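Now for the letters of each chain:
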Amino acid sequence: TALLPTPSNLAQALLAWLAFPRVLFGVLFPSRGSIDVPGTMLLHALSFPLRTWFAFLVAGFAASFVTSHILQFFSSLAAGAAVKSGAVKAEKQEDRDVLETWIMLAVELYMLPRIYYAVAASRDLSMYKSMLAKSRAVGARCTVLVAGAGHANGILGYVRQHGL
C-alpha cells in the first residue's frame, strides 16, 4: 500500500521532497548525538577490496539497466495511451520521447520517497520495537544494538522520542 498513488501517499511524497534540503543538511552536518553517516561510509568504503568495488559496479549497472527498461516500458505504454486517446498530440517521435521522459520522471519523483518509506523507514521502526521487546523480555538494564549507518539515526530518533 505504500506505493499506491493515494492522496495521502502523494502528499507524503511531496512532503518528503520538500524536506530533502533539511535532511541533506542534517546528513552533511550531523548534530551532536547523531551518527556521522558520510564519515562512516568513507571509512567503510576505504576498507573494501578491489573485487568488492567491481561487484558494486556490476550490480549497479545491472540494477540500473533493469530498472530503466521497466520504467521505459511503462512510460511508453502510458505515452501511447495518451496519444491514442487524443489527450496529447505527438506528431513526431521526438514529441513522444519527451512525453515518455516526463512520465518516467514523474513516476520516479513519486516512487523514490515512497520506496524509502516502505523499505528503510519502516525497518527502523520494526528494529526499534524488536530491540525494545527483547530487552524488556530479558529485563535488561543496558542494551547494545548493532545496526548499519542507514538505520542508526532512525532508531536513535525512536529511542529519543519514546525511550527504552
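Here the structure is a predicted model, which is why all the values come from computation and not from measurement. (Residues numbered from 1 in each chain as written. Predicted model: local features only at pLDDT ≥ 70, side-chain atom pairs only at ≥ 80, totals over all residues. Heavy atoms only, no water.)

**A few points about the packing of aromatic side chains**
Going by this rule: Two rings from Phe, Tyr or Trp (for Trp, the six-membered ring) form a pair when their centres are within 6.5 Å of each other. A pair whose planes differ by under 30 degrees is stacked, one over 60 is edge-to-face, and the rest are tilted. Relative accessibility thresholds used throughout: buried, under 20% of the residue-type maximum; exposed, over 50%; partly exposed, between the two (1.4 Å probe, protein chains only).
Using the criterion set out here, one finds seven aromatic pairs in the structure. Seen from their ring centres, Phe48 and Trp53 are 6.0 Å apart, and the 70° between their planes marks the pair as edge-to-face. Plain terms: the ring middles of Phe73 and Phe74 are 5.3 Å apart, the flat faces sit at 65° to each other, and that makes the pair edge-to-face. Residue classification places Phe74 among the exposed positions, given a relative accessible area of 52%. Connected via pairs of aromatic rings, a cluster forms that spans Phe48, Trp53 and Phe56.

**Thoughts on the packing of helix α1 (residues 7-28) against helix α4 (residues 93-137)**
Put simply, the rule is: Whenever a helix is involved, its axis is fitted only over the stretch in contact; in every case the axis is a line through C-alpha atoms, and angles between N-to-C directions fall within 0 to 180 degrees. Every helix listed is a DSSP run of H or I at least four residues long, and every strand listed is a run of E at least two residues long, numbered separately from the N terminus. What sets the label is the angle itself: under 35 degrees gives roughly parallel, over 145 gives roughly antiparallel, 65 to 115 gives roughly perpendicular, and the rest give oblique. We call two residues in contact whenever any of their non-hydrogen atoms come within 4.5 Å of each other. Residue polarity follows a fixed list, in which Ala, Val, Leu, Ile, Met, Phe, Trp, Tyr, Cys and Pro are nonpolar, Asp, Glu, Lys and Arg are charged, and the others, Gly among them, are polar.
In the contact formed by α1 and α4, the axes pass within 9 Å of each other and the chain directions differ by 85°. The angle between α1 and α4 falls in the class roughly perpendicular. Here α1 contributes Asn9, Leu10, Gln12, Ala13, Ala16 and Trp17 to the contact with α4, which in turn contributes Leu109, Tyr110, Leu112, Pro113 and Arg114. Split by residue class, the contact of α1 with α4 holds eight nonpolar, two polar and one charged.

**Remarks on helix α3 (residues 50-85)**
Stated precisely, the cut-off is as follows: A helix's residues, less one, multiplied by 1.5 Å, set its expected span.
For α3, with 36 residues, the first-to-last C-alpha span of 52 Å sits near the 52 Å given by 1.5 Å per residue. The complete set of buried residues in α3 reads Leu71, Ser75, Ala79, Gly80 and Ala82. Looking at the residues trailing α3, positive phi occurs at Gly86, about 90°.

**Brief notes about the side chain of Arg114**
What counts is decided by this rule: Neither His nor the chain termini are counted; the positive set is Lys and Arg, and the negative set is Asp and Glu. Take a side-chain nitrogen of Lys or Arg and a carboxyl oxygen of Asp or Glu: if they are within 4 Å of each other, that pair is a salt bridge.
Structurally, the position occupied by Arg114 is in helix α4. As a buried residue without a salt bridge, Arg114 has its nearest oppositely charged side chain in Asp124, at a separation of 13 Å.

**Examining the packing of α3 against α4**
We apply this condition: In this scheme the handedness of a crossing depends on how the near helix is turned from the far one: anticlockwise by less than a right angle means left-handed, clockwise means right-handed.
Where α3 meets α4, the axes come as close as 8 Å, and the angle between the chain directions of the two elements is 120°. With respect to their mutual orientation, α3 and α4 come out oblique. Crossing angle aside, the handedness with which α3 passes α4 is right-handed. Residue-level contacts link Ser68, Leu71, Gln72, Ser75, Ser76, Ala78, Ala79, Gly80, Ala82 and Val83 of α3 to Arg96, Leu99, Glu100, Ile103, Met104, Val107 and Glu108 of α4.

Purely geometric numbers; function is a separate question.
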